[in-house]
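# Analysis of the macromolecular model
Here is what each chain is made of, one letter per residue.
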Amino acid sequence: MSINYRFYPSLLNNFSRYLQAGTMPVQALIDSINRVPTPTTVAQERGTSFEEAIVKGTDEARFDPDIVNKVRKLLPRPIVDTQVYCQWEIEDVLFYGYVDLIGKFKAVDLKTTGSYQKDRYLFNHQNLYLHALKRKGIKLMEYVITDFTDVYVESYTLTHPIDRQLEEIRQLKAFLEEHRPLITDKKIFVAPGEEPDARRKSR
């Protein structure tokens, strides 16, 4: 089957919020699909900085050393690679993205949040990374999460149901076709004869 669409987790997670919460206006979703620039929030900047501190040791003095140590203890040893590109073909969709780091058997994505609720990532589309990385021997997808007062872990295996994520992928295809004249991010649609691979050209 030829690939007609390229989807990535944050796009799908935004669409999921649109479907589930009903609080995101259609135009806000379309702006998100079109990657309309928005200012980086303080929380986003802190999250990015925390990830850099954990993985590279950059400015780690900004953060509570106990939290930094707790998070590092949960990372795979050895870390085989960081910012790992992965893709998985789901019918006529190329699902793709970059997972923070992988070990020999598990992938880890670092998350920061203002407040944590249990099973927050149960239906997260990043869970599909696990299936994209299966051929690398990855059997576990873990979210290592901090609210900067404590550290939490959510673990998902290849047997974890992904029915809701797959249904949302089908629903997003229908949404895009319905609003196609408004979609300006042409990377989402794969033109006939175009190479579907979505990795960053600079890598």
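### A short note on the overall build of the protein
Across its full length, the protein holds six helices and six strands. In the protein, the succession of α and β elements from N to C terminus is β-α-α-α-α-β-β-β-α-β-β-α. What you see for the protein is a C-alpha radius of gyration of 18 Å, in line with the 17 Å of a compact globule of 203 residues. Relative to its 203 residues, the protein shows a buried fraction of 45%. Residue pairs in contact within the protein that sit at least 24 positions apart in sequence constitute 69% of those at least 6 positions apart. Counting every atom, the protein has about 11,100 Å² of accessible surface; 52% of that belongs to carbon and sulfur. The centroid of the 29 positive side-chain charges in the protein is displaced by 4 Å from the centroid of its 28 negative side-chain charges.

### Looking at the packing of helix 3 (residues 42–56) against helix 4 (residues 65–73)
Look at helix 3 against helix 4: their axes get within 10 Å of each other, and the N-to-C directions meet at 65 degrees. Read as a crossing pair, helix 3 and helix 4 show a hand that is right-handed. Along its contact with helix 3, which presents Phe-50, Ala-53 and Ile-54, the element helix 4 presents Ile-67, Val-68, Val-71 and Arg-72. Per-class residue counts for the contact of helix 3 with helix 4 are six nonpolar, no polar and one charged.

### Section: the side chain of Asn-127
With respect to the helices, strands and loops of the structure, Asn-127 is situated in the loop between strand 4 (106–112) and helix 5 (129–132). Here the side chain of Asn-127 touches Tyr-143 through a polar contact of 2.5 Å, side chain to side chain. Contact partners of Asn-127, with chain neighbours within four places excluded, come to Tyr-121, Leu-122, Tyr-143, Tyr-156, His-160 and Gln-165.

### Points about the packing of aromatic side chains
Overall, the coordinates contain 14 aromatic pairs when judged by the stated rule. For the pair Phe-63 and Phe-148, a centre-to-centre distance of 6.0 Å together with 15 degrees between the ring planes defines the contact as stacked. Of this pair, Phe-63 sits in the loop between helix 3 and helix 4 while Phe-148 sits in the loop between strand 5 (140–146) and strand 6 (151–157), placing them 85 residues apart in sequence. On the basis of relative accessibility, which here comes to 6%, the residue Phe-63 falls in the buried class. Take Phe-148: its relative accessible area is 17%, and that puts it in the buried class. Taken together, Tyr-5, Phe-7 and Phe-189 form an aromatic cluster joined through their ring pairs. Stacked on the ring of Phe-148, the Lys or Arg Arg-46 has its end atom at 3.6 Å from the ring centre. Residue placement shows Arg-180 over the ring face of Phe-189; its charged tip is 3.8 Å from the ring centre.

### Quick notes on the side chain of Asn-14
In this structure, Asn-14 sits in helix 1 (residues 9–21). Among residues more than four places away in sequence, those in contact with Asn-14 are Met-24, Leu-29 and Ser-32.

### Points about the pairing of strand 2 (residues 81–90)
Where strand 2 and strand 3 (residues 93–102) come together, nine bridges link them in antiparallel fashion. Each residue of the ladder has a partner; that of Val-84, found in strand 3, is Val-99. The turn linking strand 2 back onto strand 3 is made up of two residues, and Glu-91 within it adopts a positive phi angle of 55 degrees.

### Digging into the pairing of strand 3
The buried fraction of strand 3 is high, at 10 of 10 residues. As paired elements, strand 1 (residues 5–7) and strand 3 share three bridges and run parallel to each other. Opposite Arg-6, over in strand 3, you have Leu-94 as the bridge partner. Of the strand pairs in this sheet, strand 3 and strand 4 are connected by two bridges, and their pairing is antiparallel. Within strand 4, the position partnered with Ile-102 by the bridge is Ala-107.

Definitions and cut-offs
- Here the residue numbering is sequential within each chain, running from 1 through the sequence in written order.
- Local features in this predicted model are restricted to residues whose pLDDT is 70 or higher, and side-chain atom pairs enter the listing and the counts only when it is 80 or higher, whereas totals over whole chains, interfaces and linings include all residues.
- The side-chain values count all of the structure's non-hydrogen atoms but skip hydrogen atoms and water molecules.
- A run of DSSP states H or I qualifies as a helix once it reaches four residues; a run of E qualifies as a strand once it reaches two. Both are numbered from the N-terminal end.
- Radius of gyration here uses only the C-alpha atoms, and the compact-globule reference equals 2.2 Å multiplied by the residue count raised to the power 0.38.
- Only protein chains enter the accessibility calculation, which uses a 1.4 Å probe; a residue whose area is less than 20% of its type maximum is buried, one above 50% is exposed, and one in between is partly exposed.
- Note on contacts: a residue pair qualifies if any of its non-hydrogen atoms lie within 4.5 Å across the two residues.
- Areas reported here follow the Shrake-Rupley algorithm with a probe of radius 1.4 Å; residue values treat only the protein chains shown as occluding.
- Only four residue types enter the charge count, namely Lys and Arg as positive and Asp and Glu as negative; His and the chain termini do not.
- Every charge is mapped onto a representative atom, which is NZ of Lys, CZ of Arg, CG of Asp or CD of Glu.
- Between the N-to-C directions of two axes lies an angle of 0 to 180 degrees, each axis being a line fitted to C-alpha atoms and, for a helix, fitted only over the stretch in contact.
- For any helix crossing, the convention is left-handed if the near helix is rotated counterclockwise from the far helix by under a right angle, and right-handed if that rotation is clockwise.
- In the scheme used here, Gly and all other residues not listed as nonpolar or charged are polar, with Ala, Val, Leu, Ile, Met, Phe, Trp, Tyr, Cys and Pro taken as nonpolar and Asp, Glu, Lys and Arg as charged.
- Within 3.5 Å is the distance limit for a polar contact, defined as a pair of N or O atoms, with the added protein rule that one can donate a hydrogen and the other accept it, and that residues adjacent in sequence qualify only through two side-chain atoms.
- Between rings of Phe, Tyr and Trp, where Trp is taken as its six-membered ring, a pair exists when centres lie within 6.5 Å; planes separated by under 30 degrees are stacked, by over 60 edge-to-face, and by other angles tilted.
- In this scheme, the term charge over a ring applies when either NZ of a lysine or CZ of an arginine sits within 6 Å of the ring centre and within 35 degrees of the ring normal.
- Strands are labelled as partners when DSSP assigns at least two bridges between them.

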